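# Structure at a glance
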Amino acid sequence: MSCSAEKGPPMTADTPRGTGPAPTVRPVPAEGAERVTVTVYAQDLVLRIGVVQQLRQRPELELVPDDGADRARVSLVVADTVDDEVVALLRRLQRNPGTRTGLVVGAFESAALQRVIECGVAAVLRRADADQDRLLHLLLAIAKGEGVLPGDLLGKLLKHVGSLQRSELDPRGLTLSTLTAREADMLRLVSEGFDTAEIARKTSYSERTVKNVLHEVTTRLQLRNRAHAVGYALRNGLI
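What this report covers is the structure whose coordinates are included nearby. Numbers given for residues are sequential positions, taken from 1 along each chain in its written order. Where local features are concerned, this predicted model is filtered to residues with pLDDT of at least 70; where side-chain atom pairs are given and counted, the filter is 80 or more; whole-chain, interface and lining totals use all residues. Side-chain numbers here rest on the full set of heavy atoms in the structure, without hydrogens or water.

## Some details on the packing of helix H6 (residues 181–191) against helix H9 (residues 226–235)
Packing of H6 against H9 brings their axes to within 10 Å, and their N-to-C directions diverge by 110°. Between H6 and H9, the angle falls in the class roughly perpendicular. In contact with Leu187, Val190 and Ser191 of H6, H9 contributes Arg226, Ala229, Val230 and Ala233. Asp, Glu, Lys and Arg are counted as charged, while Ala, Val, Leu, Ile, Met, Phe, Trp, Tyr, Cys and Pro are counted as nonpolar; the rest, among them Gly, fall into the polar class. Taken together, the residues that form the contact of H6 with H9 break down as five nonpolar, one polar and one charged. As a rule, the C-alpha atoms of each element are fitted with a line to give its axis, helices using only the stretch in contact, and angles between N-to-C directions run from 0 to 180 degrees. The numbering of helices and of strands both runs from the N terminus, where a helix is a DSSP run of H or I of at least 4 residues and a strand a run of E of at least 2. Any angle that is under 35 degrees is reported as roughly parallel, and any over 145 degrees as roughly antiparallel; angles of 65 to 115 degrees are reported as roughly perpendicular and all others as oblique. Residue contacts are counted whenever heavy atoms from the two residues lie within 4.5 Å of one another.

## Side note on unusual backbone geometry
With a phi close to 65°, Ser204 is a non-glycine residue in the positive phi region. Here Ser204 lies in the loop between helix H7 (196–203) and helix H8 (207–220). Even without a glycine there, the phi angle at Gln222 is positive, about 60°. Of note, Gln222 is situated in the loop between H8 and H9. Each residue is placed in one exposure class: buried if its accessible area under a 1.4 Å probe, protein chains only, is under 20% of its type's maximum, exposed if it is over 50%, and partly exposed if it falls in between. Looking at Gln222, the relative accessible area reads 58%, which means it is exposed.

## Let's talk about the nonpolar core
By convention a nonpolar core is built from buried Ala, Val, Leu, Ile, Met, Phe, Trp, Tyr and Cys residues, the set being connected through side-chain atoms within 4.5 Å. Ranked by internal contacts, the top residues of the largest apolar core, which has 26 residues, are Val38, Leu55 and Leu76. If you list the elements that add at least two residues to this core, you get strand E1 (36–42), helix H1 (45–56), strand E2 (61–63), strand E3 (74–79), strand E5 (121–126) and helix H4 (132–143). Apart from the residues within four sequence positions on either side, Leu55 is in contact with Val40, Leu61, Leu63, Leu76, Leu135 and Leu139.

## With respect to the pattern of salt bridges
Oppositely charged side chains can pair when the atoms bearing their charge come close. In what follows, salt bridge is the name for a side-chain nitrogen of Lys or Arg lying within 4 Å of a carboxyl oxygen of Asp or Glu. Scanning all chains against the criterion turns up nine salt bridges. Arg115 serves as the salt-bridge partner of Asp84, at 3.1 Å between the closest nitrogen and oxygen. Of this pair, Asp84 sits in helix H2 (residues 84–94) while Arg115 sits in helix H3 (residues 113–118), and the two are 31 residues apart along the sequence. One salt bridge connects Asp131 with Arg134, and the closest N-O pair in it is separated by 3.1 Å. Where salt bridges share partners, they join Arg58, Glu60 and Asp133 into one cluster.

In structure tokens form, the structure reads like this:
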């Protein structure tokens, strides 16, 4: 994913260096409640100011400027897209074991999902949905060790994980539905030591049909013989 040649100001935390923190009156949290410390990073100054102003109104949160970011429980990254600069920041934040990271993003392509997960991002929220209540929910969930994903991204994640599992299961891209019920039944009988004639009697097929079915399985799965087919099916939970 390429970065644009022209960029806005570098990613900064809640308070830009050299400007000093703006004087604010922070609300008091409920008695006995512990504030969640948060550092905000953003490429765009307007984005950062908008998010910071929303978070400052919540007594459950304490904003931490960049010079104290190491003590923040949550790092919140706000970006337009997941480009190389954002990924570099996420990886840097990942090296701090004391903080967990959330991402608020304008446009999120499915191709970026794996990169974000690999960078240790615990929660994702689209900017279009990032009102004050959702931001608070996101940050509190991250602080509790929970993960948050929009429903469509969760579906994409599950599909992606399933694809990885299938690739690991069979490098040729075969799936658990590779065998028909008839093929699985015949391989199961082969695994129990039955020969062609016995399988034919038990399944009510002709011996020729049994031979053809077993030959089709070994050919389609690129296996050497019946024993190889049985071993493959057993290893992969097909029978």
